[in-house]
Amino acid sequence: MRMPLIAGNWKMNGSLALIEQFGEAFASAGLPTSVEVALMPPFPYLPAAQAALGGTSVMLGAQTLNPAHSGAHTGEVSGRMLKEFGVEYALVGHSERRQLYREADEAVYDRLLAALSADIRPILCVGETLEERDAGRTRDVVLRQVGHVMARLEPQQRARVTIAYEPVWAIGTGRTATPEQAQEVMAAIREYQAGFDRELAAGLRLLYGGSMNAGNAAELLSQPDIDGGLVGGASLKVDDFIAICQSAG
């Protein structure tokens, strides 16, 4: 059985007050023990989040990391630094990093290796734009992004990777892929992974990352190949995020 994972990506949002609010809510919410939950606040809030969530089962995640362990990289953060604050997960290849900061497939691969080397579990984000979907290229685009990374890993490395499918056209727009559309892509990713190792493919966790919210989470999570969610805007609302976590239980 694949344990569901609900990961909240705060992007460049949040505050110390919100960190405290989440810490108090998680301490009393009674989250399902059958679900892993991770919160990914901006880097400056990691120490406060580590303290606020210390008495809960919620894990800390990072929104990105630099491929280098250290050096002359002004403004960047390494996996080793993140690990000192208890970070367990890190996003690599989020669509905003790919589009706004020009991170190509090779840069995503380098960041994923850096996460693994720091004993941080990477969440590889993949997805197509609206133009690519309308052109019927969804499968080609997504499997290219998956394959550029997964085909080059050792089996033990692949086992540490979670993949998040995030249709770019459904991020922050209020539009959501239908459960059937999301399931079709998830099934294709799992089928591709089975080409390396069927057992590993069966255990591969796949998250949906396109405007999941408290209203649509249960239906999305009911699909056979959707094992959790990478939640954006709804992860900034305590009640909504907890409701999504409970939907996965």
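Residues numbered from 1 in each chain as written. Predicted model: local features only at pLDDT ≥ 70, side-chain atom pairs only at ≥ 80, totals over all residues. Heavy atoms only, no water.

Right, let's talk about the overall build of the protein for a bit. Within the protein, the secondary structure is distributed over 12 helices and eight strands. Here the C-alpha radius of gyration of the protein, 17 Å, is about what a compact globule of 249 residues would show, namely 18 Å. Along the first, second and third principal axes, the C-alpha set of the protein runs to 45 × 45 × 35 Å. Burial statistics for the protein: of 249 residues in total, 55% are counted as buried. Look at the contacts in the protein between residues 6 or more apart in sequence, and 72% of them connect residues 24 or more apart. For the protein, the exposed area adds up to about 10900 Å²; of that, 50% sits on carbon and sulfur atoms. Side-chain charges of the protein comprise 21 positive and 29 negative groups, with the mean position of each set lying 4 Å from the other. (Helix = DSSP H or I, 4+ residues; strand = E, 2+ residues; numbered from the N terminus. Rg over C-alpha atoms; globule rule 2.2 N^0.38 Å. Buried < 20%, exposed > 50% of the residue type's maximum accessible area, 1.4 Å probe, protein only. Contact = heavy atoms within 4.5 Å. Areas by Shrake-Rupley, 256 points an atom, 1.4 Å probe, with all protein chains shown as cover. Lys, Arg positive; Asp, Glu negative; His and termini not counted. Charge placed at Lys NZ, Arg CZ, Asp CG, Glu CD.)

Applying the stated criterion across every chain yields a total of 16 salt bridges. Lys11 is the partner of Glu96 in a salt bridge, and the nearest nitrogen-oxygen pair spans 2.8 Å. With Glu96 in helix 4 (residues 95-100) and Lys11 in the loop between strand 1 (5-9) and helix 1 (16-29), the pair connects residues that are 85 residues apart, well separated along the chain. Looking at Glu96, the relative accessible area reads 28%, which means it is partly exposed. A salt bridge links Arg190 to Asp227, with the nearest nitrogen and oxygen atoms 3.0 Å apart. (Salt bridge = Lys/Arg side-chain N within 4 Å of Asp/Glu carboxyl O.)

What follows covers helix 7 (residues 138-150). Structurally, the α-helix is built with 3.6 residues per turn, so residues lying three or four positions apart point the same way. With 13 residues, helix 7 should reach 18 Å at 1.5 Å per residue; the first-to-last C-alpha distance of 18 Å fits that figure. Among the residues of helix 7, Thr138, Val141, Val142, Leu143, Gln145, Val146, Gly147, Val149 and Met150 are the ones counted as buried. (Expected span 1.5 Å × (residues − 1).)

Another aspect to go through is the environment of Thr64. When you line up the elements, Thr64 lands in the loop between strand 3 (59-62) and helix 3 (79-84). Along the sequence, Thr64 and Leu130 sit 66 residues apart, while their C-alpha atoms lie 24 Å from each other. Those residues in contact with Thr64, other than ones at most four positions away along the chain, are Phe43, Leu82, Leu91, Arg97, Glu103 and Arg111.

Evaluation of the coordinates by the stated rule reveals six aromatic pairs. On the basis of an interplanar angle of 50 degrees and a centroid distance of 5.6 Å, the ring pair of Phe22 and Phe26 is categorised as tilted. One end of the pair is Phe22 and the other is Phe26, both in helix 1 and four residues apart, which spans about a single turn. The class for Phe22 is buried, based on a relative accessible area of 1%. A connected cluster of aromatic rings, assembled from ring pairs, spans Trp10, Phe22, Phe26 and Phe241. (Phe/Tyr/Trp six-rings, centres within 6.5 Å; stacked < 30°, edge-to-face > 60°.)

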